[in-house]
Amino acid sequence: MVMYINESTNSRAYRYKQDKLYDFFEWYHFGAVHVVTERDTFVLLDLMKVYNPYQFITYSIKEFDCSPTMICEFIFKIIDMDIVFTSYKESSLYFCKASKFEVYPKVFEIFRKDIPKSSDIIF
């Protein structure tokens, strides 16, 4: 299993997120757990080839420093490597090969909620 945390390893936020993720999957993880903090999705994909995990888990999908489209493409590549993608904070995000066509709608729905409506904007 690979656990992704987008924080400095010496920070309090890192330890908090790491504890939450360990509590979340302690009931069903098997084998080694590798924690990665790399922010480049291309490097993350290379790490997946090295670690060959069965699951990729992140604290939140919003921790990736890229657009929703790039996040979806990253998830597609993870799924194509036969790795299950899971997000702790957005519990509806659990993707495997069988749910590949749900990636775009679910990811964009999460980011759409952050876009202010035109009626909310003050000119």
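Every chain's residues receive numbers from 1 upward, in the order its sequence appears when written. Confidence filtering applies because this is a predicted model: local features only for residues at pLDDT of at least 70, side-chain atom pairs given and counted only at 80 or more, and all residues used for totals across whole chains, interfaces and linings. Hydrogen atoms and water are omitted, and side-chain values are computed over all heavy atoms in the structure.

**Some details on the confidence of the model for the chain**
A low pLDDT score tells you not to read the predicted coordinates there in detail. Confidence scores per residue from the predictor, reported as pLDDT, run from 0 to 100. Taken residue by residue, the chain gives an average pLDDT of 88. The fraction at 70 or more is 90%. Numbering of helices and strands runs from the N terminus; a helix is a DSSP stretch of H or I covering at least four residues, while a strand is a stretch of E covering at least two. Considering each helix and strand of the chain separately, the mean pLDDT is smallest for helix 1 (residues 12-25), with a value of 89, and largest for helix 3 (residues 68-80), with 96.

**Considerations on the nonpolar core**
Core analysis: the largest hydrophobic core is formed by 24 residues, its most contacted members being Phe56, Ile61, Phe64, Ile75, Phe85 and Val107. Among the elements of the structure, strand 1 (2-4), helix 2 (41-51), helix 3 and helix 4 (103-112) are those that each provide at least two residues to this core. Per element, the largest residue contribution to this core is seven residues, and it comes from helix 3. Contacts were defined at the residue level, with two residues in contact if any of their heavy atoms lie within 4.5 Å. The contacts of Val107, once residues within four sequence positions are left out, are Ile61, Pro68, Ile71, Cys72, Ile75 and Phe95. Working definition of a nonpolar core: buried Ala, Val, Leu, Ile, Met, Phe, Trp, Tyr and Cys residues. They are joined through side-chain atoms within 4.5 Å. Buried means the residue's accessible area, taken with a 1.4 Å probe over protein chains only, is under 20% of the maximum for its type, while exposed means over 50%, and partly exposed covers the values in between. Met3, Ile5, Tyr14 and Leu21 belong to the second largest nonpolar core, which has eight residues in total.

**Describing the side chain of Thr58**
Within the secondary structure layout, Thr58 lies in strand 3 (residues 55-58). Setting aside residues no more than four positions away along its own chain, Thr58 makes contact with Tyr4, Leu21, Glu63, Phe64, Phe85, Thr86, Ser87 and Tyr88.

**A look at the pattern of salt bridges**
What makes a salt bridge here is a side-chain nitrogen of Lys or Arg within 4 Å of a carboxyl oxygen of Asp or Glu, nothing more. For the coordinates displayed, the defined rule picks out six salt bridges. As a salt-bridge pair, Asp80 and Lys100 come within 2.6 Å of each other at their nearest N and O atoms. Separated by 20 residues along the polypeptide, Asp80 in helix 3 and Lys100 in the loop between strand 5 (94-95) and helix 4 bring together distant segments of the chain. Owing to a relative accessible area of 48%, Asp80 belongs among the partly exposed residues under this scheme. You can call Lys100 partly exposed: its relative accessible area is 24%.

**Thoughts on the sheet that holds strand 3**
Pairing between two strands is assigned when DSSP locates at least 2 bridges connecting them. Spatially, 2-1-3-4-5 is the arrangement adopted by the five strands of the open sheet, whose pairing is mixed. Taken across any chain shown, the strands that pair with only one partner, and hence form the sheet edges, are strand 2 (34-36) and strand 5. Summarising the sheet, strand 1 and strand 3 pair through three bridges and their orientation is parallel. Opposite Met3, over in strand 3, you have Ile57 as the bridge partner.

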